[in-house]
Amino acid sequence: MNKLELKGDWNILKGHLKQKWADLTDDDLVYSEGQQDELLGRIQKRTGETREAVESSISDYLTAIRIASDSTH
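Residues numbered from 1 in each chain as written. Predicted model: local features only at pLDDT ≥ 70, side-chain atom pairs only at ≥ 80, totals over all residues. Heavy atoms only, no water.

**A short note on the confidence of the model for the chain**
Any region with low pLDDT has predicted coordinates that should not be read closely. Heads up, the condition is: Across the chain, each position has a pLDDT score giving the predictor's confidence in that residue, from 0 to 100. For the purposes of this entry, the term helix denotes a DSSP run of H or I that reaches at least four residues, the term strand denotes a run of E that reaches at least two, and both are numbered from the N terminus.
Here the chain averages 85 in pLDDT, while 86% of its residues score no lower than 70. Mean pLDDT in the chain bottoms out at helix α1 (residues 3-8), which sits at 60, and peaks at helix α3 (residues 36-47), which reaches 92.

**A word on the environment of arginine 42**
Heads up, the rule is: Whether two residues touch is decided by their heavy atoms; if any such pair falls within 4.5 Å, the residues are in contact.
Looking at the secondary structure, you find arginine 42 in helix α3. Residues arginine 42 and leucine 29, 13 residues apart in the sequence, show an inter-C-alpha distance of 7.9 Å. When residues no more than four places from it in sequence are discounted, the contact partners of arginine 42 are Asp27, Asp28, Leu29 and Val30.

**Looking at α3**
Residues lying three or four places apart along an α-helix face the same way, a consequence of the helix completing one turn every 3.6 residues. For the record, the criterion: In this analysis, the expected span of each helix is defined as 1.5 Å times one less than the number of residues it contains. Whether a residue is buried, partly exposed or exposed follows from its accessible area with a 1.4 Å probe, protein chains only, as a fraction of its type maximum: under 20%, in between, or over 50%, in that order. Working definition: the arc comes from the directions between the helix axis and the C-beta atoms, pointing outward to the latter.
Over its 12 residues, α3 extends 17 Å from the first C-alpha to the last, a length consistent with the 16 Å expected when each residue adds 1.5 Å. Turning to α3, its buried residues are Gln36, Leu39, Leu40 and Ile43. One side of α3 carries all its buried residues, which in axial view fall inside an arc of 95°. Away from its buried face by more than 90 degrees, α3 exposes Asp37 and Lys45. Glycine 48 sits one or two residues past α3 and shows a positive phi near 80°.

In structure tokens form, the structure reads like this:
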């Protein structure tokens, strides 16, 4: 997952992450450029998932968002 991917679709992605992990709060999902590791750490701490699992979920959601976006254009 790269920073541009995350930044571009962040608002959509936040909704998906909250659906997957209902314990996440808006404070957990604050994303600032250059703070990707901190964001992943907050999600890990709140969910108990491994970093790899969190990154995989985010990557899967980003792929789904892009596919949906491409199919509407």
